[in-house]
Amino acid sequence: MTKLIFDCDPGVDDAIALFLAFASPELELLAITTTAGNVSASLTARNAAIIRQIAGREDVPIHAGADRPLFRAPVEAGAFHGQSGLGPLELFTPAKGVEAGHAAQAIVDIVMAHAPGEVTLAVTGPCTNLALAMQLEPTLTARLGPVIVMGGARREGGNITASAEFNIFADPHAAQVVFASGARCVVMGLDVTHQVRADPARTAAIAAIDTPAARASAVLLEFSNALERDIVGGTGAPIHDPCVIAYLLAPQLFTLRRCDLQVETSSPLTLGHTAVEFRLSDPAAARIEWATGADAYGVFTLLTERLAR
């Protein structure tokens, strides 16, 4: 089993990634940590608790974290996730709330309590909580296992500005802290997540499953697909964040390349741009891998099978 901390900002696609993680016995979920991102910090924490209750996994603790980026002004993506962050999903007050204590401290406490390399982190929102944790505990990086991040873009260009992907743009300084830390990172940027799209047949297959997680996921996918149609003109929305969990469950579904990765933190024009360099003098020493390809059929087969549980 992979011991996992899932750091997120739910968010429509974060919610589907959470459902996938909750339904996967290969993952020992040590904690869900939340940050401001797609919507405010109070809403992302509540949304995580809602998804946890729908999945019937109140055994997993949730820790709320950063309510703003390290330095830049806050930016949200409610236009793509709805005012609540969960599109048209029917909301309720979760029976169980969040734990005491900040998410960054929870990350430090959990990682430092385990053997070096034993705890994996999945990050599907801004990297603020992890950057704060690294600042709180300077030896944290040496104790971390792999860090799987959804963020950035190279070939595809940006989805919030011409050159920046939203998660990195929302806190570029935090992303740079993480990528420069020496932690082993696998990065799922738009180059790969745009290959994994909820086309009508895939969405219909999930809608046909009669489980609480699948019904909620179908509502969220249909909401995202409507936005994709109206705003972008596409026929299927990319499911960015579930790619992170799918990689942990089935890494053979993805193609990776070792790289150097730097984040633009000062330019008003290209803030949040990820400079991905494959021309390395010593590829074996590279600590970052960039996803370049995905088996979309395999990802959706995995997602559909798990949502049916």
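Residues numbered from 1 in each chain as written. Predicted model: local features only at pLDDT ≥ 70, side-chain atom pairs only at ≥ 80, totals over all residues. Heavy atoms only, no water.

K.L.:
Report on the side chain of Thr193, specifying residues and quantitative values.
P.N.:
Looking at the secondary structure, you find Thr193 in helix α9 (residues 190–193). Thr193 sits in the buried class, given a relative accessible area of 0%. For Thr193, the contacting residues outside a window of four places in its chain are Met150, Met188, Pro238, Ile239, His240 and Cys243. (Helix = DSSP H or I, 4+ residues; strand = E, 2+ residues; numbered from the N terminus. Buried < 20%, exposed > 50% of the residue type's maximum accessible area, 1.4 Å probe, protein only. Contact = heavy atoms within 4.5 Å.)

K.L.:
I'd like a description of the layout of surface pockets, backed by residues and values.
P.N.:
A water-sized probe, rolled over the atoms, reveals where empty space remains. Taken as a whole, the largest pocket encloses approximately 610 Å³ of empty space. Along its surface, the largest pocket is lined by 31 residues, and Phe80, His81, Asn159, Pro238 and His240 are the ones closest to its centre. Sorting the residues of the lining of the largest pocket by element identifies α1 (12–22), α3 (78–81), α7 (166–170), α11 (212–232) and β8 (237–238) as the ones contributing at least two each. Looking at the lining of the largest pocket, the element that brings in the most residues is α11, giving 7 residues. Split into classes, the residues belonging to the lining of the largest pocket amount to 16 nonpolar, 8 polar and 7 charged. (1 Å grid on protein atoms, 1.4 Å probe; cavity = no way out; pocket = protein on both sides within 12 Å on 5 of 7 lines; lining within 4 Å. Points joined across faces, edges and corners; volume = space filled by probe spheres on them. Nonpolar A, V, L, I, M, F, W, Y, C, P; charged D, E, K, R; others polar.)

K.L.:
Tell me what's going on with the sheet that holds strand β1 (residues 2–8), and back it up with residues and numbers.
P.N.:
Whether parallel or antiparallel, the strands of a sheet pair through hydrogen bonds between backbone atoms. Ordered by their spatial adjacency, 9 strands build an open sheet running β3-β2-β1-β4-β5-β6-β11-β9-β10, and the pairing between neighbours is mixed. Bordering the open sheet on either side are β3 (62–64) and β10 (274–277), each of which pairs with just one other strand. Sheet twist, expressed as the mean angle between neighbouring strand axes with direction ignored, is 30 degrees. Running at roughly 115 degrees to strand β9 (residues 254–263), helix α8 (residues 172–179) makes contact with β5 (144–150), β6 (185–188), β9 and β11 (288–294) of the sheet. (Pairing = 2+ DSSP bridges. Axes fitted to C-alpha atoms, helices over the stretch in contact; angles between N-to-C directions.)

K.L.:
Lay out the pattern of salt bridges in plain terms, naming residues and giving numbers.
P.N.:
Summed over all chains, the structure comprises 11 salt bridges. In this structure, Arg184 engages Glu289 in a salt bridge whose closest nitrogen and oxygen atoms are separated by 3.4 Å. Linking Arg184 in the loop between α8 and β6 with Glu289 in strand β11, this pair joins segments that are 105 residues apart in sequence. Residue class for Glu289 comes out buried when judged on its relative accessible area of 14%. A salt bridge links Arg306 to Glu305, with the shortest nitrogen-to-oxygen separation between them at 2.6 Å. Within the structure, one salt-bridge network assembled from shared partners comprises Glu26, Glu305, Arg306 and Arg309. (Salt bridge = Lys/Arg side-chain N within 4 Å of Asp/Glu carboxyl O.)

K.L.:
Describe the nonpolar core, naming the residues involved and giving the relevant values.
P.N.:
Nonpolar side chains tend to gather and get buried jointly when the protein is soluble and globular. Phe6, Ile32, Met188, Ile245 and Phe254 are the most contacted members of the largest nonpolar core, which has 63 residues in total. Those residues in contact with Ile32 that lie beyond four places of it in its chain are Phe6, Cys8, Leu18, Phe22, Ala48, Val60, Pro61, Ile62 and His63. Membership of the second largest hydrophobic core comes to 36 residues, among which are Ala31, Leu121, Ala175 and Val187. (Core = buried A, V, L, I, M, F, W, Y, C linked by side-chain atoms within 4.5 Å.)

K.L.:
Could you give me a rundown of the packing of aromatic side chains, with the residues and numbers involved?
P.N.:
Tallied over the entire structure, the rule returns 1 aromatic pair. Relative to Phe254, the ring of Tyr247 lies with its centre 6.1 Å away and its plane at 70 degrees, an arrangement referred to as edge-to-face. Judged by its relative accessible area of 11%, Tyr247 is buried. A relative accessible area of 7% means that Phe254 is categorised as buried. A cation sits over an aromatic face here: Arg257 above Phe278, 3.9 Å from the ring centre. (Phe/Tyr/Trp six-rings, centres within 6.5 Å; stacked < 30°, edge-to-face > 60°. Lys NZ or Arg CZ within 6 Å of the ring centre and 35° of its normal.)

K.L.:
Quick rundown of the environment of Ser181? Include the residues and the values.
P.N.:
Mapped onto the elements of the fold, Ser181 is located in the loop between α8 and β6. Each C-alpha atom of the pair Ser181 and Met134 lies 8.3 Å from the other, and the pair is 47 residues apart in sequence. Setting aside residues no more than four positions away along its own chain, Ser181 makes contact with Met134 and Thr141. A distance of 3.1 Å separates the side chain of Ser181 from the backbone nitrogen of Ala183, its partner in a polar contact. (Polar contact = N/O pair within 3.5 Å; in protein donor to acceptor, adjacent residues only side chain to side chain.)

K.L.:
I'd like a description of the packing of α1 against helix α13 (residues 296–307), backed by residues and values.
P.N.:
Relative orientation of the contacting elements α1 and α13 amounts to 65 degrees, with a least axis distance of 9 Å. In terms of orientation, α1 and α13 fall into the roughly perpendicular class. Seen from above, α1 lies across α13 with left-handed handedness. Contacts between α1 and α13 involve Ile16, Phe19 and Leu20 from the first element and Leu302, Leu303, Arg306 and Leu307 from the second. Of the residues contributing to the contact of α1 with α13, the split by class is 6 nonpolar, no polar and 1 charged. (Parallel < 35°, antiparallel > 145°, perpendicular 65-115°, else oblique. Left-handed = near helix turned anticlockwise from the far one by under 90°.)

K.L.:
Mind laying out the environment of Val123, listing which residues take part and the relevant values?
P.N.:
Topologically, Val123 is positioned in strand β4 (residues 119–123). Along the backbone, Val123 and Ile245 are 122 residues apart, and their C-alpha atoms lie at a distance of 9.8 Å. Contact partners of Val123, with chain neighbours within four places excluded, come to Asp7, Leu130, Val147, Ile148, Val149 and Met150.

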